[in-house]
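Remarks on the overall topology
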Amino acid sequence: VWSSTVTSFNHSAWDIFDLFGCNCTPETYDYLRGLLQDPANDHLSAAELQDMVVTFNRQAINDLLTDEGRRYEDVYDHADDPSILCEPFGVFRTILHNDPIHIEQTIDRIVITTEDLASDRTIYMNTREHPEVPPTSLGHSIGWYEDSTLVIETVGVSANIADDNLGIHNSSQGTSIERYTLSPDGRKLHLLFTLTDPVRYSAPLTLERMRIFTPEVSIENAPCESISGQF
């Protein structure tokens, strides 16, 4: 089981850079690195630094929006979030979600089990082709290894919320590449996620996130109604 800072903030293996991490663009991580290394910022609180990172990250994402993507974000009503009605997350929202994930590899596939409204996924490792099927919320995922990095390609995804915290969405033309790389000590798992969607973004949107190995954590599923606010 691999956890994020959101659910395992007090884990001893995190460093200060990890603790300020998020689903951030590479440019945002460069900005964060500069903030932490500049002695002129030593007087700032952690909350102030985090606000600066969040603001920078949102602007970096907004700068990639097409006119159609900007128009969609402007008119989207969060009351239309399908999770309010207990509809499971689509694949991109699942990938970027903060809750723990369990990864199991067999001979021909990888199964990623998730919590709550995030969706369980199957990644097929015995093919490099995608079938011709109608778009679905999870699409179709294939995977392979490049040295020690697991690469996952997902296509055939229907329009949906890509990440609710970032307020980003994908069209039915969205595809993704995930790259999962273990740290040398095997304790951290780095995700490099690239969403390509010519309808919503003028260039591929790349986000990064670190997870940590937490074998003591169990995957749990709370009743949907308690998560979506129906109780």
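Located above this text is the structure these notes cover.
Residues numbered from 1 in each chain as written. Predicted model: local features only at pLDDT ≥ 70, side-chain atom pairs only at ≥ 80, totals over all residues. Heavy atoms only, no water.

**Focus: the sheet that holds strand 11 (residues 205-213)**
Rules: For two strands to be treated as a pair, DSSP must find at least two bridges joining them. Going along the chain from the N terminus, every DSSP run of H or I of four or more residues is numbered as a helix, and every run of E of two or more is numbered as a strand.
With respect to topology, nine strands assemble into an open sheet ordered 1-11-10-9-6-5-4-3-2, the strand pairing being mixed. Pairing within the sheet leaves two strands with one partner each, and these edge strands are strand 1 (2-3) and strand 2 (102-105). Examined bridge by bridge, strand 10 (residues 188-196) and strand 11 share eight bridges and lie antiparallel to one another. Residue pairing in the sheet places Leu189 in a bridge with Arg211 of strand 11.

**Some details on unusual backbone geometry**
For clarity, the threshold we go by: Remark: exposure states derive from per-residue accessible area (1.4 Å probe, protein chains only) relative to the maximum for the residue type, with buried under 20%, exposed over 50%, and partly exposed in between.
Despite not being glycine, Cys86 has its phi angle at roughly 65°, a positive value. Among the structural elements, Cys86 can be located in the loop between helix 4 (67-75) and helix 5 (91-96). One non-glycine residue, Asp147, lies in the positive phi region at around 55°. By the secondary structure assignment, Asp147 is in the loop between strand 5 (140-146) and strand 6 (149-155). When its relative accessible area of 78% is taken as the criterion, Asp147 is described as exposed.

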